[in-house]
Amino acid sequence: MPAHEILGKWENFYVIVGSSAGALTGLQFVVMAIVADQPGRGGHKEIAAFGTPTVVHFMDVLLIGAIISAPWEELNHAAYVIGLFGLTGIIYSAIITRRAGRTERYQPVLEDWIFHVVLPFVAYILMLVAALTLTSFDTPSLFAIGAASLILLSVGVHNAWDTVTFLALDVSGQDQTSKSGSPTANQ
């Protein structure tokens, strides 16, 4: 079966998921604007470790949707791009792990490590493995790429929500020590 027929079956999925990621990227900019108005909340290290990756994950979901929706002549061409994307994501996850460990104004808790490091790393590994097997096992590989996209979308939603709820509680006078893990909110 030609690549465009195989990948075309996923078009509606990626229209929904990619559009959601695009819209949520815009909302994350609003969150960051709110955070920026909070004096003494954190610094560049915290934003680089916890704020920027949320936007990157949303954009990655949008880009995966574009990659899958492109009119590929052969499935192996799409596999190369998705594989490169997965490899780049793994490297980026390693950089985020390092950044999270070097923050000064915020010490990550277990929930932060899971949602900012572990789950994105799993998603990008899944994407890379799926790319390596795409030409041999197209259906399971495409489901794995879809799952990776949903993981990244869910991670972004969690991290943005965590930031907003922390800000709402903190601004209303709640004790910061009762926070359950919201590094971006510390900016």
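Residues numbered from 1 in each chain as written. Predicted model: local features only at pLDDT ≥ 70, side-chain atom pairs only at ≥ 80, totals over all residues. Heavy atoms only, no water.

### What about the nonpolar core?
- If you look at the biggest cluster of nonpolar residues, it comprises 31 residues, and the most contacted ones within it are L7, I64, I68, I82, M127, L142 and I145.
- If we ignore the near neighbours within four places in the chain, the residues touching I64 are Y14, F85, M127, I145 and S149. (Core = buried A, V, L, I, M, F, W, Y, C linked by side-chain atoms within 4.5 Å. Buried < 20%, exposed > 50% of the residue type's maximum accessible area, 1.4 Å probe, protein only. Contact = heavy atoms within 4.5 Å.)

### Looking at a nonpolar patch on the surface
- A surface patch of nonpolar side chains, amounting to about 350 Å² of accessible area, comprises L84, L87, I91 and I95.
- Along the chain, I91 turns up in helix α4 (residues 75-101).
- Of the residues examined, I91 reaches a relative accessible area of 49% and is grouped as partly exposed. (Patch = residues over 30% accessible without salt bridge, like charges linked within 9 Å, V, L, I, M, F, W, Y side chains within 5 Å. Areas by Shrake-Rupley, 256 points an atom, 1.4 Å probe, with all protein chains shown as cover. Salt bridge = Lys/Arg side-chain N within 4 Å of Asp/Glu carboxyl O. Helix = DSSP H or I, 4+ residues; strand = E, 2+ residues; numbered from the N terminus.)

### What to know about the packing of helix α3 (residues 44-69) against helix α5 (residues 110-133)
- Following both chains from N to C, one finds α3 and α5 inclined at 25°, their axes separated by 12 Å at the closest point. In terms of axis orientation, α3 runs roughly parallel to α5. Crossing handedness for the pair α3 and α5: left-handed. In this structure, α3 contributes A49, F50, T54, H57, D60 and I64 to the contact, and α5 contributes H116, P120, Y124 and M127.
- Considered class by class, the residues forming the contact of α3 with α5 number six nonpolar, three polar and one charged. (Axes fitted to C-alpha atoms, helices over the stretch in contact; angles between N-to-C directions. Parallel < 35°, antiparallel > 145°, perpendicular 65-115°, else oblique. Left-handed = near helix turned anticlockwise from the far one by under 90°. Nonpolar A, V, L, I, M, F, W, Y, C, P; charged D, E, K, R; others polar.)

### Digging into the confidence of the model for the chain
- With 82% of its residues at a pLDDT of 70 or more, the chain has an overall mean of 81.
- Per-residue pLDDT, averaged within each element of the chain, yields its smallest value for helix α2 (residues 11-36) (74) and its largest for α5 (95).
- Per-residue pLDDT stays below 50 along residues 174-180; that stretch engages in 10 contacts with residues further than four places along the chain or on separate chains. (pLDDT = per-residue confidence, 0-100.)

### Topic: the side chain of H116
- Relative to the assigned elements, H116 resides in helix α5.
- In this structure the side chain of H116 is engaged in a polar contact, spanning 3.4 Å, whose partner is the side chain of N159. (Polar contact = N/O pair within 3.5 Å; in protein donor to acceptor, adjacent residues only side chain to side chain.)

### With respect to α3
- End to end, α3 covers 35 Å across 26 residues, agreeing with the expected 38 Å (1.5 Å per residue, within 8%).
- The principal kink in α3, of about 35°, is found at T52, preceding the proline P53 by one to four residues. (Expected span 1.5 Å × (residues − 1). Bend = angle between axes of the 7 residues up to and from the residue.)

### Details of the environment of T25
- Mapping T25 onto the fold places it in helix α2.
- The exposure class of T25 is buried, given its relative accessible area of 6%.
- Through-space distance from the C-alpha of T25 to that of V55 is 5.7 Å; in sequence the pair is 30 residues apart.
- Discounting residues that sit within four places of it in the chain, T25 has contacts with V55, F58 and M59.

### What about the environment of E46?
- Considering the arrangement of structural elements, one finds E46 in helix α3.
- For the pair E46 and R105, spaced 59 residues apart in sequence, the C-alpha to C-alpha distance is 7.4 Å.

### Focus on the packing of α3 against α4
- Contact pair α3 / α4: the axes reach a minimum separation of 11 Å and the direction vectors enclose 175°. One way to sum up the angle between α3 and α4 is to call them roughly antiparallel. On α4, the residues touching A48, A49, F50, T52, P53, V56, D60, L63, I64, I67 and I68 of α3 are V81, I82, F85, Y92, I96, R99 and A100.
- For the contact of α3 with α4, a count of residues per class yields 15 nonpolar, one polar and two charged.

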